[in-house]
Each structure stands twice: as C-alpha cells, then as structure tokens.
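# Structure at a glance
Residue strings, one per chain:
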Amino acid sequence: LLSNFLRGFYRESVIEMRPAMVAMRYLRTWFPLDLFLVIMDWSIVVVEISTGDHMTLVPAFLLGRFARLMRLLRPLRLIRAARLWSAMRPLERLITSEDARSLVGIAKLLVGVIVLTHMVACAWYALGNMDYGPGTPTWLSSLRQSDLSWEEESTSTSYYYSTAVHWALTQFTP
C-alpha cells in the first residue's frame, strides 16, 4: 500500500515522479480499493484468530458469517491485476518488432487463459466440496469414494485441484 505512493505514472508521455503529484493521483484512483482490500484481508486474519478457544467478545456464529462474507469478497483482489495490463501498455509501445509484439500478445492471452482456468477450477472444486445434505453426492465425494483403493498421493488436495483444472481446461477446448 505504501509503496504505491512512490510509483511514478505517465502523463502525456512523460513520467511524473514528483511525490506530491504521485500521492494525489494514487489517492484519487487506486487508494480506496487498495485500502478496502487491505482492511478486508486483515479482518479475515483477525476473525480467523479470534474463532479459537480463547474467543470471549463475539459469538462464534457472527464471526463465522463475517469470515464467509470476507472470503467471498477475496476475488476482488483480482481487480489489482487490471493495473498490470495498464502498466504494460507503455512497455508495449517500446517494442518495435512486429514479431515481438505478436509474441507479447500471445503471452498475454495465454496468461489470461491460465488465470481464467484457475478461477473456474477453484469454483468447480468449491462446488464439489460443498455439503448439499445427506445422500447428495458431488463430483468430489464420488471421486473420493472411487479413490479409496488408490495410493495416498492420489487423494491429496493437489490431485483434486489438478482434476478440477483438467475439467476446466476441457471446457475451453472443443
């Protein structure tokens, strides 16, 4: 958060590095979102720490609901990635070779597909991990039951995540 007050920005193809100008621009643009995300992250830490046995101030069910709400808002942190795309524009202008520009464009698309695949896989894993009531199978519970005879490594969280990634990738390809 504090390091963003030290980053310059482009204004009419000139880098603005004066601390007062940088601070004013940051306070008007990304600071409110960054502050919200930092407060959200720290509130999750505080809630997770205070839900232990030593909790005395707030009932556990209120903290649990608050923690779930904060976890649902975690993907908002991805909005910060928008800054990365905008920060790459001036760098792309420096590339004079058409081949290099094409390569950078392909790399950006590939990164986008990887991030989107990760997000879909996490959502798919979360859906499979939810409890829909007794007797209601999910893809993850069915996989866990079928994996009982397998080795210990195949029933790890990374195995289930890679299965979800595989499923997510198959949704993007014909």
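A brief look at the structure comes next. (Residues numbered from 1 in each chain as written. Predicted model: local features only at pLDDT ≥ 70, side-chain atom pairs only at ≥ 80, totals over all residues. Heavy atoms only, no water.)

### A look at the packing of helix 6 (residues 139-146) against helix 7 (residues 157-172)
Where helix 6 contacts helix 7, the axes come no closer than 12 Å and their chain directions differ by 125 degrees. Judged by the angle between their axes, helix 6 and helix 7 are oblique. Relative to helix 7, the crossing made by helix 6 is right-handed. Listed contacts from helix 7 to Trp139, Leu140, Leu143 and Arg144 of helix 6 are Tyr159, Tyr160, Thr163 and Ala164. Among the residues making up the contact of helix 6 with helix 7, the classes are represented as six nonpolar, one polar and one charged. (Axes fitted to C-alpha atoms, helices over the stretch in contact; angles between N-to-C directions. Helix = DSSP H or I, 4+ residues; strand = E, 2+ residues; numbered from the N terminus. Parallel < 35°, antiparallel > 145°, perpendicular 65-115°, else oblique. Left-handed = near helix turned anticlockwise from the far one by under 90°. Contact = heavy atoms within 4.5 Å. Nonpolar A, V, L, I, M, F, W, Y, C, P; charged D, E, K, R; others polar.)

### Looking at the nonpolar core
Core analysis: the biggest nonpolar cluster contains eight residues, these being Ala121, Tyr125, Leu140, Leu143, Tyr160, Ala164, Val165 and Ala168. Contributions of two or more residues to this core are made by helix 5 (98-129), helix 6 and helix 7. Not counting residues up to four positions away in its chain, the partners in contact with Val165 are Thr117 and Ala121. (Core = buried A, V, L, I, M, F, W, Y, C linked by side-chain atoms within 4.5 Å. Buried < 20%, exposed > 50% of the residue type's maximum accessible area, 1.4 Å probe, protein only.)

### Looking at the pattern of salt bridges
In this structure the tally under the stated criterion is two salt bridges. Here Glu16 makes a salt bridge to Arg11, at a shortest N to O gap of 3.9 Å. Here Glu16 falls in the buried class, since its relative accessible area comes to 9%. For Arg11, a relative accessible area of 36% gives the class partly exposed. (Salt bridge = Lys/Arg side-chain N within 4 Å of Asp/Glu carboxyl O.)

### Let's talk about helix 5
One full turn of an α-helix is made of 3.6 residues, so residues set three or four places apart face in the same direction. For helix 5, with 32 residues, the first-to-last C-alpha span of 46 Å sits near the 46 Å given by 1.5 Å per residue. Where helix 5 is buried, its residues touch helix 6 and helix 7. Of the residues flanking the start of helix 5, the one acting as N-cap is Ser97, its side-chain oxygen 3.3 Å from the backbone nitrogen of Asp99. (Expected span 1.5 Å × (residues − 1). Polar contact = N/O pair within 3.5 Å; in protein donor to acceptor, adjacent residues only side chain to side chain.)

### Looking at the environment of His118
Counting through the fold element by element, His118 comes out in helix 5. In the structure, His118 is positioned 50 residues away from Ala168 in sequence and 7.9 Å away in space, judged by C-alpha atoms.

### Overview of a nonpolar patch on the surface
Taken together, the side chains of Val113, Leu116, Leu169 and Phe172 make up a nonpolar region of the molecular surface, amounting to roughly 330 Å² of accessible area. Listed by contribution, the elements that provide at least two residues to the nonpolar patch are helix 5 and helix 7. Mapped onto the secondary structure, Phe172 falls in helix 7. Residue classification places Phe172 among the partly exposed residues on the basis of a relative accessible area of 38%. (Patch = residues over 30% accessible without salt bridge, like charges linked within 9 Å, V, L, I, M, F, W, Y side chains within 5 Å. Areas by Shrake-Rupley, 256 points an atom, 1.4 Å probe, with all protein chains shown as cover.)

### Thoughts on the side chain of Glu16
Structurally, Glu16 can be placed in strand 2 (residues 14-16). In terms of polar contacts, Glu16 uses its side chain to reach the side chain of Arg18, at 2.7 Å. Setting aside chain neighbours within four positions, we find Glu16 in contact with Gly8, Phe9, Arg11, Met21 and Val22.

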